[in-house]
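# Notes for the structure review
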Amino acid sequence: MEGRIIVVTSGKGGVGKTTATASIGAALALEGKRVAVIDMDIGLRNLDVVLGLENRIVFNIVDVVNGRCNLRQAAIRDRRIENLFLVPASQSDNKDVLTTAGVDRAAKQLRKEFDYVIMDSPAGIERGFENSVTAADEAIVVCTPDVSSIRDADRVIGLLYSRSITPRLVVNRIIPEMVAKGDMLSHEDVMEVLSIDLAGLVPMDEQVVIATNTGMPLVLQNDSKAGQAFRRIARRLNGEPDLPVEVPSVKGGMWNRFTQKLGLK
Amino acid sequence: MILEDAPPVKLKGVGDGFWVTLDPSRSEELLKNEMTKLFERLRHLAINARVVIDVGDAQGGDELVNTLGGFLKEQFDVGVVTRPPEKRVIPVERIRQRDLSQGWTHRRSDVLMLRGRVRSGQNIEAKKHLIITGDVNPGAQIIAGGDVLVMGRLLGQVHAGRPDNDDAMVLALDFRPTQVKIGEHVAAGLGGKTDSGVEFASVVNGAILVQDYLKSNPFGRIPWPEVI
């Protein structure tokens, strides 16, 4: 069976596309799938840093597309998570070195080699975005609960629909305390405007900063709420679409409240 | 409306005669000169021809037509000179009778009707009226030559009555647009309210006014359904 290509995009920058790509990719690999995460942000590569694989880069996606190396040479295998591979971006070129035809050719090969190919799209809706979505079968749109991010996500959703790609939404960086006070848009407010299928809700989590800086995959940390949310998103993508969406809330579950009272936490 | 550079006299052949269209705001002398130029070219064709002089609905049109008719008869030996025949006006009763017997089943409408969500960055333009059954997101732009009706949330930019129809209106079930234009009028920063009901915007005394639909029913004044 051929693999699925999923593009992670948002329109706006800095909403967590790269973190989402790394986390969902790692989580799918933990589910036992063969996964490639591909950094399509040519010229501004980040995904390698987030995954802690920066020092092992030899070839990159531009080399693969332009035939300077083959896919196996460019794909870096993660040593902590089996079946997780990274194809990094080039840091010296710009977005115009890739063409959609070239990406389509490389995508054909990627589909044969992997069960899931997660493409990390750059911000914006120009050439880099076009190259990222050209071969995609599915899309995940990441947005944060603020007005400008929603506006951009809405535009991107329109562009994806015009290419017959049905996107799914990840609302990132939800701060339940602020939502409860009415200072932040709730995920219902976001859904009201965007009205697409929800892939998952991810709470704000300090662990993301630590994981990004240390290059330790978020999903390997069991105490990370965001990491757990991304693991559930991966399960929804991987044949469990009905897994209930957990809404980040102020109060924890029964057990948390119990342990808090006892002073254990 | 007559443009500055439009010729003051236009001549065209109609059946067995000529149809002369005049700009009555110009001087009689100028009109005579212009007519002379045109009729000189016709030569013998003008002799005994039937001439209709069309001065529009201008005041004192009859007098002007008589003077110019006399001038033409004298100079070019034309035949009968008349004003254009009056257009037939259908009496209101006849229209209502026709509407009562579902006269509008034969009418073709220019209304553009869309279903679904209009997203940020999308532009929708309708020649005449526009109806959207769905929401219009912020960042979307909808433009119509006539009215705009949104059966849902209106959060984007809207322009009704483009380019200069101030009689157009915008109606939405949830009226919270980022900007409204009607004809040549602009209003920004409306909205914010969420608990109000159906609202509509129209031009009142040269400014855009948003009113509650049920409280000031804009169509209540029209006693009979009419085709728009």
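A quick note: this is a predicted structure, and the numbers were derived from the prediction, not measured.

Let's shift gears to the sheet that holds strand β2 (residues 17-22) of chain B. Residue and element names in this part refer to chain B. Reading across the sheet, the four strands line up as β1-β2-β3-β4 and stay open at both edges, with mixed pairing between neighbours. At either margin of the open sheet sits one strand with a lone partner, and together these are β1 (9-14) and β4 (81-82). As defined by bridge partners, β2 adjoins strand β3 (residues 50-54) across five bridges and the pair is classed as parallel. What sits directly across from Trp 19, in β3, is Val 52. On top of the sheet, helix α1 (residues 28-42) reaches β1 and β2; it is set at about 40° to β1, its chief contact.

All names here are of chain B. Pairing between strand β10 (residues 157-160) and strand β12 (residues 179-182): four bridges, direction parallel. Opposite His 159, over in β12, you have Lys 181 as the bridge partner. Taken together, the four bridges between β12 and strand β13 (residues 185-188) define a ladder with antiparallel strand orientation. What sits directly across from Lys 181, in β13, is Val 186. The antiparallel hairpin formed by β12 and β13 contains two residues in its connecting segment, where Gly 183 sits at a positive phi of about 60°.

Further remarks concern the interface of chain B and chain A. When the parts of a complex come together, some accessible area is lost, and that lost area is often taken as the interface size. In this assembly, eight residues from chain B lie in contact with seven residues from chain A. Taken together, the residues of the side of chain B that touches chain A break down into one nonpolar, five polar and two charged.

This part takes up the packing of helix α1 (residues 17-30) of chain A against helix α11 (residues 225-237) of chain A. Axis angle and axis distance: for two packed helices, these are the angle between their axes and the distance between the axes, and together they describe the pair. Residue and element names in this part refer to chain A. One can describe the packing of α1 onto α11 by two numbers: an axis separation of 8 Å at closest approach and a directional angle of 60°. In this structure, α1 meets α11 at a crossing whose hand is right-handed. Residues Ala 20, Ser 23, Ile 24, Ala 27 and Leu 28 of α1 form the contact with α11, whose own contacting residues are Gly 227, Phe 230, Arg 231, Ile 233, Ala 234 and Leu 237.

As a further point, take the pairing of strand β4 (residues 84-87) of chain A. All names here are of chain A. Burial along β4 is two-sided: Leu 84 and Leu 86 and Phe 85 and Val 87, pointing in opposite directions, are all buried. Judged from the four bridges that link them, strand β2 (residues 35-39) and β4 form a sheet pairing that is parallel. Among the inter-strand pairings, Ala 36 is bridged to a residue of β4, identified as Phe 85. As defined by bridge partners, strand β3 (residues 76-77) adjoins β4 across two bridges and the pair is classed as antiparallel. Across the sheet, the residue bridging to Ile 76 is Leu 86, located in β4. In textbook terms, the turn of a hairpin is the stretch between consecutive antiparallel strands, and for β3 and β4 this stretch comprises six residues, one of which, Asn 83, has a positive phi near 70°.

A few words now on the environment of Val 7 of chain A. Residue and element names in this part refer to chain A. Position of Val 7 relative to the elements: it lies in strand β1 (residues 4-9). The buried category is assigned to Val 7, around which 28 C-beta atoms lie within 10 Å. Residues Val 7 and Phe 129 lie 122 residues apart in sequence; the distance between their C-alpha atoms is 9.6 Å. Ignoring sequence-local partners within four residues, the contact set of Val 7 consists of Met 119, Ser 121, Ser 132, Val 133, Ala 136 and Ala 139.

Residues and elements named next belong to chain B. Per-chain confidence: chain B averages 83 in pLDDT, with 87% of residues scoring 70 or above. Averaged pLDDT values over the elements of chain B bottom out at 68 in helix α3 (residues 92-100) and peak at 96 in strand β7 (residues 130-133). For this predicted complex, the interface confidence comes out at an ipTM of 0.73, alongside a pTM of 0.72.

All names here are of chain B. The strand order across the open sheet formed by five strands is β6-β8-β10-β12-β13, and the pairing between neighbours is mixed. Two strands in the sheet have a free side with no partner beyond their single neighbour: β6 (123-126) and β13. The sheet shows a mean angle of 10° between the axes of neighbouring strands, direction not considered. Pairing between strand β8 (residues 141-144) and β10: three bridges, direction parallel. Of the residues in β10, the one forming a bridge with Ile 142 is Val 158.

It is worth spelling out the environment of Glu 188 of chain A at this point. Considering the arrangement of structural elements, one finds Glu 188 of chain A in helix α9 (residues 187-194). Linking Glu 188 of chain A and Phe 59 of chain A, residues 129 residues apart in sequence, is a C-alpha distance of 43 Å.

Rules of the game
- Residues numbered from 1 in each chain as written.
- Chains lettered and ligands numbered in written order.
- Predicted model: local features only at pLDDT ≥ 70, side-chain atom pairs only at ≥ 80, totals over all residues.
- Pairing = 2+ DSSP bridges.
- Helix = DSSP H or I, 4+ residues; strand = E, 2+ residues; numbered from the N terminus.
- Contact = placed C-beta atoms within 7 Å.
- Axes fitted to C-alpha atoms, helices over the stretch in contact; angles between N-to-C directions.
- Nonpolar A, V, L, I, M, F, W, Y, C, P; charged D, E, K, R; others polar.
- Left-handed = near helix turned anticlockwise from the far one by under 90°.
- Buried ≥ 20, exposed ≤ 12 C-beta atoms within 10 Å, placed from the backbone.
- pLDDT = per-residue confidence, 0-100.

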